[in-house]
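Given next are the chains, with one letter for each unit.
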Amino acid sequence: MRGFILQPTYRVQNGKPEVHLYGTREDGASFCVVDDRVRPYFFVPAARATEVRALGVDVSPTELRSFDGDAVARVETVLPGDVPPLRQRLAAAGITCFEADLRFAYRYLIDRGLRAAIDIDGDATSNGGTVDGAAPSRFGEIAYVYRNPTLSPAHFVPQLKVLSLDIETDLRARHLYAIGLAGLGADRVLIVGPGPLRGAECFATERELLLRFFELLRELDPDVLTGWNVIDFDLTVLRALCIQHGIPFRLGRSADETLIQRDQGFTRDPRAIAPGRQVLDALALTRSAFIRLDDYKLETAAQAFLGRGKLITGEGRGHEIEDAFRHDRQRLVDYNQRDAELVLEILAARRLVELAVSRSLLTGMQLDRVGASIASVDFLYLHELRRRGYVAPSVGGDYAGAEVAGGAVLDSAPGLFRNILVFDFKSLYPSIIRTFNIDPLTYVPPERRDGAADLIHTPGGAAFRREPGILPDLVAHLWRERDAARTGADALGAHAIKILMNSLYGVLAATSCRFFSPAIANAITHTGQYLIHLAADEVRRLAYAVIYGDTDSLFVDVAADDETQALRRAEEIRVAVSAALVRRLREEFGLESFLELEFEKCYRRFFMPEVRSGAGGSKKRYAGLVTGATEVVEFVGLEAVRRDWTPLAKRFQRELLDRVFHDRPVEEFIREFLADLRDGRLDALLSYKKAVRKRLAEYTRTTPAHVKAARKQQGPQQRIVEYVMTTAGPEPVDARQGALDYGHYVDKQIEPIADAVLRFLSIHFGDVIGRARQLELL
């Protein structure tokens, strides 16, 4: 029977650890694999084994070695919880520990080469009876339990059952008004108060509503529970209410109550641990897929992906919800239901659950951790490392002063251009890893190079052995898999592979990775710098101008009169530069090149601004017009795509460049735009949005504009402040008293954007609007 692992974890039963693998079978039934045949273990240097054994710990010899080539011994403990204190005792004694920080359940999967899809060979016990004498309630609603089966990798893509929920409460989230559900045929709202109401079940008390919710959860039996910001708000509130009413907070399929875990440093998304089910926050899935939005509110995402949004919007919607609950409960039902439905529709529109499944199948990480790139690489790397007879270091080390270089950013030529060609190295850093055989296992530090023959020396001076490394082999495998996915029209699979490949360098450059090495990370970036400069030199040898370059891309001006002529020259450049790279890598390094230079696009019109000081072109800031089936102006780093500029500035920049790129006059447009601003027709575009990073009282040395505005807000402090500039200073949008300061918007939002473009047209902003007219706006 094939299955998909939703959650690998463990339990201690009768003094023994049991690995529990919760999942869903290919027939849609839930399962739990229970394996009590394993013990926690890690490694220490074999030379220190006697000292470790003296602590009363089981130590056995192995044929494995560390990266330094030293023999290691295996240390076993009784329980997973015994490992951290033992590791600390050994570290205090100066004894190095290897792989002493791997999670017990993930170690189980890594050792067996298992990822998310597995084949289960063994007898299943229906959870209607007893399992080896244990009460069936131990496994709650799990349909089948497998005890100590044989597991092997499988090819299986599950169709997961997804249920969306959304709750509505009073302003302080102390009283539950309603729970909206969508998916699995359960589209309805559970609401407190008298009925009947269309699309709703009505309950006399909050407690009755909660009990019905958990009853429905058992009946519908979803694999995935989702919502928007569902863990931080909805589930946190529901948990508090369950405690208040004496109701077990069980969202999973097992008998265990659901735990909510938050990262103390607020650098990771919170997680809800509901054994047997996955809780996936749709907001976190959106971020994990590298989808960029102005903000990550449900309304913003719904409008961006679906073209429609919530039924109640705006800063005052909390009061509207309270009013609807008291006076128009049908409106609240409709609003609540729409919110639950929007989440499902967003997930479907961007196929975010399917993407998470693809990433889980690829890396072995459970669905709510597929964005954990370091753990993902661990999962793939450590199994192959063991097969080659090595153990990895534990995470941690003294990296004070360690610096990792960034990619090359070439000087830019500011101005307005026509027919700019953009070339891009396909997956540059993974290609470098593969070409130069860069790997923690093949790296040779300077002190060990004496007598070492036939090493690969990178342009930055790092050295690697030529026997195949693990990461280069992984890149080659992923490359083939991505090509196969593209050939088979598996866009999700190809995207999942791209995300993983692009994470490989970032993992090696992260101090929280067990394989972190400044020398190895810099070997990749220095080689990237070398290659981009080499490519730029070859373009110049062909007598074309390189007007910009950034990490893996080159922007080339071929002085073409039209786009057709430019496109003919694109292939000439690509072939010549690729051939030059192949020759150099073969002649200088004795290597086969796995680099691929692609022609990416032609900007029919292109704008590169000067830096604010006017001393040269900017970097990572430009805009270009791309033509094709439709025209689109792409913005990178400019005000139009920055969150710290107003909608007014974004609209002005987009409309100004659209006219410039199409050779239309701009002077009258600017004057009309400012007239609209002065007459109040653009007031809806004047708000700034900025996050307050600490308590308002902690801003003592300086008081930024958004903090001044926040201090004028009513009610509890909000993380995001939306404010406008008035003649009385910054004020919150929903509590504005003063008149709007239009002069501020002219000086700080419009004029800088205008002058950045107009200088290349020999036009000055002040001349366009005229001094007298400008004074009218002040």
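Residues numbered from 1 in each chain as written. Predicted model: local features only at pLDDT ≥ 70, side-chain atom pairs only at ≥ 80, totals over all residues. Heavy atoms only, no water.

**Student:** For the sheet that holds strand 31 (residues 729-732), give the residues involved together with the corresponding values.
**Tutor:** Here we have 3 strands laid out as an open sheet, ordered 29-30-31, and antiparallel in their pairing. The two strands at the open ends of the sheet, each matched to only one other strand, are strand 29 (688-691) and strand 31. For this sheet the average axis-to-axis angle between neighbouring strands, irrespective of direction, equals 45 degrees. As paired elements, strand 30 (residues 720-726) and strand 31 share 4 bridges and run antiparallel to each other. Bridged to Tyr723 within strand 31 is Pro732. (Pairing = 2+ DSSP bridges. Helix = DSSP H or I, 4+ residues; strand = E, 2+ residues; numbered from the N terminus. Axes fitted to C-alpha atoms, helices over the stretch in contact; angles between N-to-C directions.)

**Student:** Any chance you could break down the side chain of Arg25 for me, citing the residues and the numbers?
**Tutor:** With respect to the helices and strands, Arg25 occurs in strand 2 (residues 16-25). Of the residues examined, Arg25 reaches a relative accessible area of 9% and is grouped as buried. Within polar-contact distance, the side chain of Arg25 engages the side chain of Tyr146 at 2.8 Å. Residues contacting Arg25, with those up to four places away along its chain left out, are Met1, Arg2, Gly3, Phe31, Ala124, Tyr144, Tyr146 and Phe156. (Buried < 20%, exposed > 50% of the residue type's maximum accessible area, 1.4 Å probe, protein only. Polar contact = N/O pair within 3.5 Å; in protein donor to acceptor, adjacent residues only side chain to side chain. Contact = heavy atoms within 4.5 Å.)

**Student:** How would you explain the state of the cysteines if you had to name every residue and give the values?
**Tutor:** This structure, assessed with the given rule, holds 0 disulfides. The structure places no disulfide on Cys97, whose sulfur is separated from the nearest cysteine sulfur, that of Cys513, by 18 Å. On the basis of relative accessibility, which here comes to 9%, the residue Cys97 falls in the buried class. (Disulfide = S-S within 2.5 Å.)

**Student:** Could you give an account of a positive patch on the surface, with specific residues and numbers?
**Tutor:** On the surface, a cluster of positive charge is made up of Arg287, Arg292, Arg643, Lys690, Arg693 and Arg719. Tracing the sequence through the fold places Arg693 in the loop between strand 29 and helix 19 (705-710). Owing to a relative accessible area of 69%, Arg693 belongs among the exposed residues under this scheme. (Patch = residues over 30% accessible without salt bridge, like charges linked within 9 Å, V, L, I, M, F, W, Y side chains within 5 Å. Areas by Shrake-Rupley, 256 points an atom, 1.4 Å probe, with all protein chains shown as cover. Salt bridge = Lys/Arg side-chain N within 4 Å of Asp/Glu carboxyl O. Lys, Arg positive; Asp, Glu negative; His and termini not counted. Charge placed at Lys NZ, Arg CZ, Asp CG, Glu CD.)

**Student:** Explain the pairing of strand 4 (residues 41-45) to me, using residue names and the numbers behind them.
**Tutor:** Among the 5 residues that make up strand 4, 5 are buried, leaving the element largely enclosed by the rest of the structure. Here strand 4 pairs with strand 6 (residues 71-76) via 5 bridges, running antiparallel. Looking at strand 6, one finds that Tyr41 is bridged to Glu76.

**Student:** Describe the environment of Lys426, listing the residues and the values that go with them.
**Tutor:** Summarising the element assignment, Lys426 is placed in the loop between strand 20 (415-425) and helix 12 (428-435). The exposure class assigned to Lys426 is buried, which follows from its relative accessible area of 11%. Spatially, the C-alpha atom of Lys426 lies 8.1 Å from that of Asp552, the residues being 126 residues apart in sequence. With residues near it in sequence (within four places) discarded, Lys426 still touches Ser431, Trp479, Arg482, Asp483, Arg486, Glu596 and Glu598.

Structural measurements only, silent on function.
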